[in-house]
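# Structural overview
Residues per chain, in single letters:
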Amino acid sequence: MTAQTTDAAIHVVPLPGEPADWLRDARIAVTGGAGFLGRHVVATLNSRGYRHVTIPRSAQYDLRLEDGVARFYADHRPDVVIHLAAVVGGIGANREHPGDFFHDNLMMGTHLLEHARRVRLRKFVACGTICSYPKFTPVPFREDDIWNGYPEETNAPYGLAKKMLLVQSQAYRQQYGTDAIYLMPTNLYGPFDNFGPDGHVIPMLVVKYLDAVDRGLDEVVAWGDGSPTREFLHVTDAAAGLVAATERYDGSDPVNLGSGREVSIRELTELIAHATGFNGRITWDASKPNGQPRRCLDTSRAHERFGWQAQMPFEEGLRQTVEWYRAERAAGRSEEHTSESSHT
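It should be emphasised that the depicted structure is a prediction, and the values quoted were computed from it without experimental measurement. (Residues numbered from 1 in each chain as written. Predicted model: local features only at pLDDT ≥ 70, side-chain atom pairs only at ≥ 80, totals over all residues. Heavy atoms only, no water.)

## Quick word on the nonpolar core
The biggest cluster of nonpolar side chains holds 64 residues, and the ones touching the most others in it are L37, V41, L268 and F306. Here this core takes 8 residues from helix 8 (residues 235-248), the largest share from any one element. Membership of the second largest hydrophobic core comes to 26 residues, among which are F72, L121, I130 and I146. (Core = buried A, V, L, I, M, F, W, Y, C linked by side-chain atoms within 4.5 Å. Buried < 20%, exposed > 50% of the residue type's maximum accessible area, 1.4 Å probe, protein only. Helix = DSSP H or I, 4+ residues; strand = E, 2+ residues; numbered from the N terminus.)

Here's what the structure looks like:
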């Protein structure tokens, strides 16, 4: 049975070519498939003609526990697993729950890939994170630099837990011949993101400035000093990259997925203020953490290995995201987008 996504807001980035015959008929399970990134991946798979896509739900399968993972494999008998489920959040959530972020993400990845080996899964697609990169990685981040230092401290438990899935995938490929690939998306944004208090920077700023407009405020306080830089990838582009890699990539090297555009938090804040119609003053609270100083990816490997590159211009993606969330608020659905247990 194919998992259908009925959300009208989901746009799918078309991919060239056709999947291999075995893959088109494969049973594909998407962990975290009902989450932010997951629902876009499922929509992309459906658009490619895959007929047997399933979503294991956390209420039925606790993927942090080996028993839950074993039952998932026994019940669904997948040929391919795209592992997106994760415990994630912004700087505040990472600071408050580092143990949960480390344990839960480590256990999910470890158990899922170990049982993939046991059942001789045909392909395992692991979604990592750029939080695994060292704090002072030279910009642009190249995959070969991932082991050249310790991650930024607030993200380290999450980033290192996800990084162990890269180690495991390479070790299993070497010893058992497991076809496991490892992809590292940059910061994602777009429709169906987590717009709650533990969300990432773009949805949190969108909510903050829309609230300020609604309340008639003339000042908004932003975290840090605005100097750090980030790279943002629209979720539809990320979904297309994951599906393209599923179809065309078979290798042990990690691969970045990003837009290639570096933007400062100060510039981002001003763009969101403009997009939401906020015309007041922005004050920076330097007592709050900045996070990693710079982030921007070299995405040439993705293009070389499986022909993928991002399509969505940043300003257009930001405008669409603000318009989408504004419509959700107006329709009284904003509370539906205030929690997220799947990878972002």
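## As for the pairing of strand 4 (residues 123-127)
Counting buried residues along strand 4, 5 of its 5 residues qualify, which places the element largely inside the surrounding structure. Here strand 4 shows no split at all, with K123, V125 and C127 on one side and F124 and A126 on the other all buried. The sheet contact formed by strand 3 (residues 80-83) and strand 4 spans 4 bridges and is parallel. Across the sheet, H83 pairs through a bridge with A126, a residue of strand 4. Across 4 bridges, the pairing between strand 4 and strand 5 (residues 180-185) is parallel. Pairing of A126 across the sheet is with Y182, part of strand 5. You can see the chain leave strand 4, run along helix 6 (residues 156-176) and come back into strand 5, and the turn it takes is right-handed. (Pairing = 2+ DSSP bridges. Right-handed = clockwise from strand over helix to strand, strands pointing away.)

## A word on the state of the cysteines
Inspection of every chain in the model, using the stated rule, returns 0 disulfides. C131 supplies the cysteine sulfur nearest to C127, a cysteine that is in no disulfide, at a spacing of 11 Å. Free of any disulfide, C296 has its nearest cysteine sulfur in C131, 15 Å distant. On the basis of relative accessibility, which here comes to 6%, the residue C296 falls in the buried class. (Disulfide = S-S within 2.5 Å.)

## Description of the side chain of T44
Checked against the element boundaries, T44 lands in helix 2 (residues 36-47). When near neighbours in sequence (up to four residues on either side) are disregarded, T44 contacts V12, L15, A239, A240 and V243. (Contact = heavy atoms within 4.5 Å.)

## Here's the deal with the packing of helix 9 (residues 265-276) against helix 11 (residues 314-330)
Between helix 9 and helix 11, whose axes approach to 10 Å, the crossing angle comes to 50°. For the element pair helix 9 / helix 11, the angle class is oblique. In this structure, the crossing between helix 9 and helix 11 has a hand that is right-handed. In this structure, helix 9 contributes L268, L271, I272, A275 and T276 to the contact, and helix 11 contributes F314, E315, L318, V322 and R326. A breakdown of the residues in the contact of helix 9 with helix 11 according to their chemical character gives 7 nonpolar, 1 polar and 2 charged. (Axes fitted to C-alpha atoms, helices over the stretch in contact; angles between N-to-C directions. Parallel < 35°, antiparallel > 145°, perpendicular 65-115°, else oblique. Left-handed = near helix turned anticlockwise from the far one by under 90°. Nonpolar A, V, L, I, M, F, W, Y, C, P; charged D, E, K, R; others polar.)

## Description of the side chain of T31
Locating T31 in the fold gives a position in strand 1 (residues 28-31). A distance of 2.9 Å separates a polar atom in the side chain of T31 from the backbone nitrogen of L84. Apart from residues no more than four positions distant in its own chain, T31 is found in contact with P56, L63, V81, I82, H83, L84, A85 and L112. (Polar contact = N/O pair within 3.5 Å; in protein donor to acceptor, adjacent residues only side chain to side chain.)

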